[in-house]
Structure formats: C-alpha cells, structure tokens
Amino acid sequence: MAKLSNKVSKNTWNEWIWAWFLIAPTTIGLIVLNIIPIFQTAYLSFFKSGDFGRNHIFVGLDNYARMFQDPQVWQAVVNTLVYTLLVVPVSIAFAMLIAVLLNRPIRGRSLYRTIYFIPMIAAPAAVTMVWRWLYNSNYGLINYLLSLLGIPPVNWTTDPKIAIVSIAIIGIWSFVGYNMVLLLAGLQEIPRDFYEASEIDGAGKVKQFFTVTLPLVTPTLFFVMVTTIIQSMQVFDVIYMMIDITNPAYEKTVSLVYLFYNNSFKYSDKGYGSAIVMLLLAIIMIITVIQIKVQKKWVNYS
Amino acid sequence: MKQRWLVGLLALLLALMMAACSSGGNAGNGDAGDKGGDSSKKTTLRFALWDSNQAKGLQVMANEFMEDNPDMNIQIEVTGWMDYWTMLEAGATGGSLPDVFWMHSNEIYRYASNGMLLDLTDRINKSSKVDLSKFPQGIVEIYNHEGKQYAVPKDFDTIGLWYNKKLFDEANLSYPDENWTWDDLYNAAKVLTKDGVYGFLAAFHNQEGYYNFVYQNGGTIITKDKKSGYDDPKTIEALEFYVKFIRDGLSPQIYGDAERAEALQNGLVAMGLFGSWNLSGFTANEFISENFDVAVLPKNTHRASIYNGLGYAIAHNTKYPDEAWRFVEYLGSKEGQERQAELGVAISAYEGTAEKWISSNDKFNVKVFVDMVDYGVIRPYSKTTAVWEDKAYEALRPAFTGEISVEEAARNAARIMNESLATE
Amino acid sequence: MSYKPMVSRILIHVFLISGACTMILPFVWMVLTSFKTVAESTSMNPFVWLPSEWKWEHYINVWRQNNFLILYVNTFAMMAIRVILGVLFSAMAAYAFARLRFPGRSFFFGLVLFQMMVPTQIFIIPQYLMVDALNMRNTIFALVFPGLVSAFGTFLLRQFFLVLPKELEEAAKLDGCNIGQTFLLVMLPLTRSGLVALGIFTALFAFKELMWPLIVNTSADAATLSSALAKIQSAYSVHYPELMTAAVLAIWPMMLVYFLFQRQFIEGISTSGGKL
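Okay, so let's go over this structure.

### Brief notes about the interface of chain A and chain B
On the chain B side, the residues contacting the 24 residues of chain A number 26 residues. Across the chain A to chain B interface the summed buried area is about 2,300 Å²; carbon plus sulfur atoms make up 49%. Joining chain A to chain B, the criterion identifies 5 salt bridges. For the salt bridge of B:Glu89 with A:Lys270, the shortest nitrogen-to-oxygen distance reads 2.5 Å. Linking chain A with chain B are 11 residue pairs in polar contact (both at pLDDT 80 or more), by the criterion used here. Elements that contribute at least two residues to the side of chain A that touches chain B include exactly helix H11 (250-253) and helix H12 (256-266) of chain A. Class assignment for the residues of the side of chain A that touches chain B results in 8 nonpolar, 9 polar and 7 charged.

Take a look at the structure:
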C-alpha cells in the first residue's frame, strides 16, 4: 500500500519496459519506413511540386481548393465507395460460408483450401490477362456463354454503367480466398467444448453457427472487415490494368488511388496527387474510427 | 521440442542475413564495381532501357563494344515502360542515375531543364564519328534544349498501314500503295466490311491513329507558338473523317491499347494503323505474319506519318563521363547505327543505315517505314505532353462514343490543352 | 430422416465445387496456354482450350532467356527473411498491445492502424532514397527492407491474443516466468493458427510486390520473380504463350510452399480442438 503513491510500482515499471521493448522493432520500423513518408506526403500537398524533389513552390491550400472543385475527384470518391460497398459484404459473406464449410472434416478439405486460395497466389499480370479475356466483348468467355443462352453481348469493361461492377466482381473473386484463410484461422481458435456443449443442448448445425461460431469469431471478423474495407478503398492495380484513360468507362471507374497515381507519377503533379492521398486517408480514417467505436457492440473478446 | 524449432529458425535467419548484407548479385553495392572477381580495372557502365526486344540486339552490340574496349564493362538493365520512368526519376532524385540511358520526347524537357543530363554539345562537335547533320533534324531537335544537345539520336519509328492481303484478294481489291488517297481508304473499307469483319480500325489512339490524318489534311495538333491545334478547322475536318469510319459502321469501337493489336490478330479488322515498333511482335504472330502486309499511309492534301525517335543520354553526374561518351559515340556513329539496323533492333536514324534494317525482316514490306520518314511529322510534344495528351483523350472520348459532335469535342480538347500549355 | 445429412452433404460439395471452378478457371487456362501457339492463345473465335500440340519449347526458351535460378533464389531469400522477422516482430508488438498496459498504448496502436490506411505507392520513392543513402541497392537487404515490420500482422495477431484467457498469464507468473518468457513460451504457441496465416500472407505479399524490387534492384541478377514477370510483359506484349509460361514458372514455387504450409494449418485444428 505504501508503494501506490506518486511513484510507479516496480511491477508496473517492469511491465512498461517489457511493453516498450516488445513494440520497439515494429514501431520504430513503422515510423521510419512509413510514418515519415506519410508526413512528407502531407507536407507536399501544400506545394506545387517541382521536379526531382526540388523547386517546390508553396501554394497553401490551393491544391485542396482545386481538388474540392474537381468533379473527377468526387466521381472517383463515388467510384471507390461503390466498389467497396460491393466487394466487402459479398466477399466476406462468401468467405465466411466457405470457411465454415471447410472447418469441418469433409472430404477434399485441403484440396479445396488450396484451390480457393489460388487467386491470391497468381501474379497480378496473369490475373488481369485472364479477366480481360473473360470480359472481352467480342470473344470473351462470359459473352460466349451468354450467347449460348441467346443473350446479346455485354460490354463488361467499356460500358460506364456496369464497368465498376465488373471490376468489383474481380475484387470479390480475389478477396474470397484471402478472407477465407483468415476466418478459418479464427474459427480454429474456437474450442471444441463449446460445440459439444451446444450439441448436448440439442442445437442443430445452423443454430450452432449463430449461437457459437459467429459470436466467437467476431474478433477475426472485425479484423477482416476493417482490413477489407481499407484495402478496397485503396483499389488500384486491377483498374489500372483493365481500364485505360481512353476507355469510355474510365470516368465511372477511376478510383482515388488511380487518380493519385496519374497525377503524381504521370503528370508529375505530386502536390495535387498528395492532396488526393490526404483526402483518401481522411475518408478511410473516418470509416475506421466509426468501426472501432462500434466494435464494442458486437465483438466478443472472451 | 519448441526450443529446437526456435534455435533452428534463428540460425537460418542469421545465415540469411549474413548472406543478404554481403551478397549483391553481379552489381555489388553502388553503381560502379568490378564484374565479380575481375582483378583488372574495368569501368562498369549501367545502361538502362525499356524494351526487352531491343535489349537482345543491343546486348550483342555491347558485347562487341566490350571486345574492342576491354577496359569497359557494359551492364544492360531492362525495365518495363511504366516502371522505367519511375526508376529513372527515383535515380535522378537520389543522385544515382544509370550512366547511359534512353531518352524520350515526353521526358526530355524535364530532365534537360533540371540539369540531369550531361551536356554533349562539345563532345559531339569534337567527335568525328557523330555527325548530327546525318540524322533527321526533327529528332535532333527533340533532344536539344536551349541550344545544347543532350542526347544522341538513336532511331526513328513511323506509322504504317497494315492490311490483310487475304481479305483483299478475296474481295478482288488491289493492295494499298503510295497512290492511295483518303477516298481509296474509305472505299476499300466499305467493300471489306462484311461477315463480321470491319474494313478499317479507327481506334481511339493518337499516334497510331488520328494524328496521322490530322497532318495529312494540313491540320496540326500543336502550333509553332505552343497553342493547341485541335480547334483548327482542318484538324476538326480530319477528325471527322476518322470518326466517320465508326459512325458508318466500317470500324469497331476500340478504345484499349491491347485490344487494337488483338483486332488484327483475331481477324476482326482488315486494315489498321500501327507503328514500326510492333514489327517483332507481328512477325512472331502466325496469323499476322501470314495474312498481313504493310503499306505507306494514304494521302490527302499532304502526306504525313507520325514519327518519333529515341535518344541516348548520359547522366549529368556519372562517374565516368569519358567512358560513357565513348559508348554513346559508338552507338551514334555510322558503324553503330548500321549494326543496330542489321540486328533488326530498330530503324537506325543515321542517314542511309536504315537500308540495313529493311533486310533484317523479310516477312513484310518494311521498306515503307523508311520511305515515310521523308515526310514524317514529329510526334507532337511539349513540356507537359503527358498531361495534355491524357486531357485531350478525355475530351475526345465522347466524340468516339457518339455522345457529342466531333467539333464540340475538339474544341474542348483545345481548351484543356491550352490550359496545360499555358503553365509551361 | 437419414437422407437429410446426405442431401446437405451433396449440396455442400456442389456449392464448393462450383466455387472452386470459378476460382481455378483462369489458372487452368494459364497453364494450358503455355503450351499453345500464339494464334491459338488469342483465338477466341473459335475459342481454344486445349492446344492441338503440346509445345514445350516455350518453357525452354523462357527459362533460358531469364535466369530463373537466380530469380528463385532471390525471391525465396527475400520471402524467408521477411516471414521470419515480420512474424516475430508483429507477434511481439501484438502481444504488448493486447495484453500489457503501458503509456502510449493507444497512441502507438493508432500509428499501426494509420499506416494501413495509406496507399503504398507513396512509400516507394522515399524508401528507395533511404536504401540508396545506405548504399545497399542491388542487395537482398534492399528487397527485404520495406517488409520487416507489418502493421497488418500486428493488428491480426493482436486480435488473436485478445481472445486468450487472462488466467494464463497469472499462471505463468506463478510459475516464475517474466513477461518475455510468458510471451515466448506460453502465449505465442497458442496463437499458432494466426501465426501460420500471417506467415502465409507475409510470404505472399513479399512475393507479389512488383514495384519495389524493380526500382531498387535493377540488375537482372538481383531481380525477383514478380518483377521479372513485369519486364517480360512489355517484351512479349502480344506473345501470350511465352507470357503464360513465364507466369507458370513464376508461381509454381509459391504454390508448392503454400501447399506445404497449408498442411500445418490442418494440424492446427487437431491441436486446438484439445485445448482448454
């Protein structure tokens, strides 16, 4: 009792030292490798950038003013949000379903697991190639199959109205396996006893899912949701490779990161590009903070 | 049991880290080093480029050069087009540019005006091997900034009219030749459009598309006083002619880069405009090499074919300016240019050497590419080319999809392009 | 009544199989195309699945033209270091964030989340400049550098640590363990499935990173598989069979590694079943 005065107790101090030691490599690494560049980017957003890191001209909030008035930026915000709204729920739902199914001793389990994970392993170049062909309006597989059913060809990647959905399908396709692996890992943490107890109580498989599985996998589910949302908001590669600036669907599919890339790397307007990154960052932060606040309501850490 | 796992893991880790810090492939740390184990004092030059097709031939040339210059070691680095410029920019910002590298009209201004390139003017003047008057002036000018020459011309490429011989035969049409006019093109396209095949590919592309028509009509994309030429009536007229192919159903609506070449391969179109750099790809494709050939572009009031050329530049801060110059000098000399042409690497820019290139490919009538440089128009460029080319595409797109008239789109393009030009 | 489980099992398999087909379709095409002629590979009219002749020459050509052995070595070295260090560092930090209390905990964890929210392209040039300043371009160190620490991994493992019962630490303390030992010997092994999952992902992301190795390791000898694939792309722009051959050569090691580690995964089930 005498120790609990102004001074920190030895135990607590010990805990603190250990804690700082344990987080040291990661934290230092993050700060050097990532946080500093983030601040450099934020700094750069207030300048009209010069070439090769020189001759930056301070322009204050001009880049931001220009950005807020740029209809292309706002459309990109919409595109990115639409994409995220399509990809996140669908891919997580599928991933969850498949993870649950593959968590049971069914036949061919490890083979299925490998196959579902395959999209993640493929080199992006190969994935793009195959999807470009699948979606090809004249000779692609999908339109070919549709033609067998008598349905006229669809312009999957050049029709402004549906291109974003086509891209989202590719997103869902690539995320399912990835989320499945994560959810499987989470499912495996659930001790068998709970299932046994619930069976004794007479619960069927479906009921078990809702009363045992779902509540106990929420920590992993939370992680999957947060990361999938963040990664969807940052979509770039697949759109960049499938939709050129010459594509009629460009306006309605270009994502914020794509826009940032064009401005920073193609047009050498790093100041403007950095402002776009800041906008994206702000949106993502808001979404993530909301999720964190709400997590108490539905996530169970035993 | 668990301890052993950990110990094993840590040992592996240690070994890897030791390997990591000491190894370095052939290049070692930094840019200049001996080629693994060589005790003689060789100067290693980093030579960067973006086309692995050309790299093969250039490697042969580099090897020959190294034989004649045993004190030098040329190390070729190939990076894909998109990443090449990011790589170069990172190098420029950090002060570690390759010693010798390819330069392009899109980027020359940025690099030259920021002093990233070695001024070659004096060396060229003193050199007996490099004679700028022997190169197409348009290309020399690209790499000249404020009176100083920053790169030695390497090659040129032009745009040709590729046509499907079989389809022409079947339709009893005579092949395109140097007498063809716009009308001939249009009429042939009309005849050839049938049974799911389109007569002509009016793709949504500038260099391998409407730019050529613009100049054949006497219009221009950018005027001498750096203003946009998109609102020039002759330009608009040419664009309208081009888009007409789509409107009249003689051309499919093709927007993507990859889809254009595919249209040829899949037998979707009978004719299309493609640059000479596609040659190796087309030769390797059985369908195209068996069915297609190439001709000069049709004429209207003028003859025109868009041409461009790369240059060899040297980093301003290279540790070996003299050695780098020796290499570049060779590449830009008559001898080097002939070799480049012989090996089929590219159409050498040095006067007369292109003839050797023609014989390197016997599948197609590639002579036409060389012929066209006589009336070639340098691909339009300025300091902010990357910006206004994209903006122009965005403005013109609705004209191709049929949403707005060509004239309106062209005026929009002119407006946006002028905005960009005004910032230069 | 006895039909019900049978029917549901069949339905489950039908569902899984149709899902699996869509997943695997692109790859079947990819592998088959590596044996086709160019015309066959781009012909969609008619559409070609099986090559008429199995052309093995693409494999010989592509293998010879690109020094795949060095590519494999570099890629695996890069992956191994990143996996070992990355998982270790993430686990350490994750444990601290999840189970220890200390000033700055929320702030530093916030930093971890913060890093994930930004597009990775903005890191490329600053990180390149750092490696350049250290004069370590064209080394394996350069390839490993950006992947040493992982916000993603830290966040993931934190979730796993949070779930474990508090009594474990108290028991360990009674046994005389300090915090470090508790972490290493007691808590870490219990998050095994999380560790394996993270290991798989770290290896995967390391493998797929294109841009970074391209800029920093510009000599072909120090390149990695994915970036070599990117370079091949611009060359064989129309030559699909060779491109697909290169892709197959590039990914089969990764698939093998995944398949091997994935077995570990299954064992995870049987052990955690008997847990607590």
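Don't stop here, the text continues.
### Observations regarding the interface of chain C and chain A
Taken together, the contact between chain C and chain A spans 93 residues of the former and 93 residues of the latter. A buried area of about 9,000 Å², summed over both sides, lies between chain C and chain A, and 77% of it is on carbon and sulfur atoms. Looking at the side of chain C that touches chain A residue by residue, the class counts come to 70 nonpolar, 19 polar and 4 charged.

### Some details on helix H8 (residues 182-192) of chain B
Residues and elements named next belong to chain B. Every buried residue belonging to H8 is among Trp182, Leu185, Tyr186, Ala188, Ala189 and Leu192, and all of these are buried. For H8, the angular spread of buried residues about the axis comes to 165°, placing them on one side. Seen from the buried face of H8, the exposed residues on the opposite side, beyond 90 degrees, are Asp183 and Lys190. In the core, the buried residues of H8 are packed alongside strand E7 (159-164), helix H7 (165-170), helix H9 (206-216), helix H10 (233-247) and strand E8 (271-275).

### Topic: the sheet that holds strand E6 (residues 151-153) of chain B
Residue and element names in this part refer to chain B. Read from one edge to the other, the open sheet built from 5 strands follows the order E2-E1-E3-E11-E6, with strand pairing classed as mixed. Looking at the sheet topology across the chains shown, the edges are occupied by strand E2 (72-78) and E6. Pairwise comparison of adjacent strand axes, ignoring direction, gives a mean angle of 25° for this sheet. Relative to strand E11 (residues 311-314), E6 runs antiparallel, the two sharing 3 bridges. Pairing of alanine 151 across the sheet is with alanine 313, part of E11. Packed on one face of the sheet, helix H14 (residues 321-332) meets strand E1 (43-49), E2, strand E3 (100-103), E6 and E11 and runs near 50° to E1.

Here is what the cut-offs are and how they apply
Residues numbered from 1 in each chain as written. Chains lettered and ligands numbered in written order. Predicted model: local features only at pLDDT ≥ 70, side-chain atom pairs only at ≥ 80, totals over all residues. Heavy atoms only, no water. Contact = heavy atoms within 4.5 Å. Buried area = accessible area lost by both parts, 1.4 Å probe. Salt bridge = Lys/Arg side-chain N within 4 Å of Asp/Glu carboxyl O. Polar contact = N/O pair within 3.5 Å; in protein donor to acceptor, adjacent residues only side chain to side chain. Helix = DSSP H or I, 4+ residues; strand = E, 2+ residues; numbered from the N terminus. Nonpolar A, V, L, I, M, F, W, Y, C, P; charged D, E, K, R; others polar. Buried < 20%, exposed > 50% of the residue type's maximum accessible area, 1.4 Å probe, protein only. Arc of directions from axis to C-beta. Pairing = 2+ DSSP bridges. Axes fitted to C-alpha atoms, helices over the stretch in contact; angles between N-to-C directions.

Keep in mind these values describe shape, not function.
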